[in-house]
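# Inside the fold
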Amino acid sequence: MLQEYEKMLAFDEQALCATIDSLLVDDVICPVCKKNSLLQNKSVIFCKCGIRIETEQDCLNLKNVRHLLEQGVTEHTQNCDSDPLFNVVSQLGVDNLMMTCEMCDFMYIVI
């Protein structure tokens, strides 16, 4: 009986450790394709789906992008229940990640 308890305790500890590890991962899921993680190489934030945004002038990293995404989604969901759309918009040679909602006309520049 003690061995069974120790096995259960070890299993619970492994599950807890796995959960904590998953929370510590800094992965930011690409808001455009919603499949892959965003990656960063120096000042470029990109995804396997093809988006590529230069962030050298903004000095952003993935942690900043995660915060900006959360901030935009929080701001939007305070007034609207629809899912926002994300896309890359190019203007004057600069690429920006935009969050928009057709239902409430919300617009937020993420990067």
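The structure this text deals with has already been given above.
Residues numbered from 1 in each chain as written. Predicted model: local features only at pLDDT ≥ 70, side-chain atom pairs only at ≥ 80, totals over all residues. Heavy atoms only, no water.

## Remarks on helix H2 (residues 62–77)
Structurally, the α-helix is built with 3.6 residues per turn, so residues lying three or four positions apart point the same way. We apply this condition: Secondary structure elements are taken from DSSP: a helix is a run of H or I of four residues or more, a strand is a run of E of two residues or more, and numbering for both begins at the N terminus. A helix is expected to span 1.5 Å for every residue after the first. Throughout, exposure labels follow a simple rule: accessible area from a 1.4 Å probe, protein chains only, divided by the maximum for the residue type, with under 20% read as buried, over 50% as exposed, and the rest as partly exposed. By arc we mean the arc of the directions from the helix axis to the C-beta atoms, nothing more. Contacts were defined at the residue level, with two residues in contact if any of their heavy atoms lie within 4.5 Å.
For H2, with 16 residues, the first-to-last C-alpha span of 22 Å sits near the 22 Å given by 1.5 Å per residue. Along H2, the residues that are buried comprise Leu62, Val65, Leu68, Leu69, Gly72 and His76. An end-on view of H2 places all buried positions within 120 degrees of arc, on one side of the element. The elements touched by buried residues of H2 are strand S1 (39–41), strand S2 (44–46), strand S4 (85–91), strand S5 (94–101) and strand S6 (106–109).

## Some thoughts on the nonpolar core
Cut-off, in case you're wondering: Grouping buried Ala, Val, Leu, Ile, Met, Phe, Trp, Tyr and Cys residues that are joined through side-chain atoms within 4.5 Å yields what is termed a nonpolar core.
Of all hydrophobic cores here, the largest spans 22 residues; its most connected members are Leu38, Leu69, Leu97, Val110 and Ile111. No other element matches the four residues that H2 contributes to this core. Setting aside residues no more than four positions away along its own chain, Leu69 makes contact with Val28, Pro31, Phe86, Leu97 and Val110.

## Section: the environment of Thr55
Mapping Thr55 onto the fold places it in the loop between strand S3 (52–54) and H2. The buried category is assigned to Thr55, whose relative accessible area is 1%. Apart from residues lying up to four places away in sequence, Thr55 is in contact with Gln40, Ser43, Val44, Ile45, Leu60 and Ile111.

## Section: the pairing of S4
The condition that has to hold: The rule for pairing is simple: two strands pair if DSSP sees at least two bridges between them.
Examined bridge by bridge, S4 and S5 share seven bridges and lie antiparallel to one another. Directly across from Val88, in S5, lies its bridge partner Leu97. Turn length for the S4-S5 hairpin, with the two strands adjacent in sequence and antiparallel, is two residues, and the turn residue Leu92 shows positive phi of about 55 degrees.

## Here we look at the sheet that holds S2
Test applied: To define axes, lines are fitted to C-alpha atoms, for helices over the stretch in contact only, and angles between the resulting N-to-C directions are given on a 0 to 180 degree scale.
If you trace the three strands from one edge of the open sheet to the other, you get S1-S2-S3, paired in antiparallel fashion. Of all strands in the sheet, those with a lone pairing partner are S1 and S3, marking the two edges. Mean inter-strand twist for the sheet, computed between neighbouring axes without regard to direction, equals 25 degrees. For S1 and S2, the ladder comprises three bridges, and the chain directions are antiparallel. Across the sheet, residue Asn41 finds its bridge partner in S2, namely Val44.

Distances and angles like these do not, on their own, reveal function.
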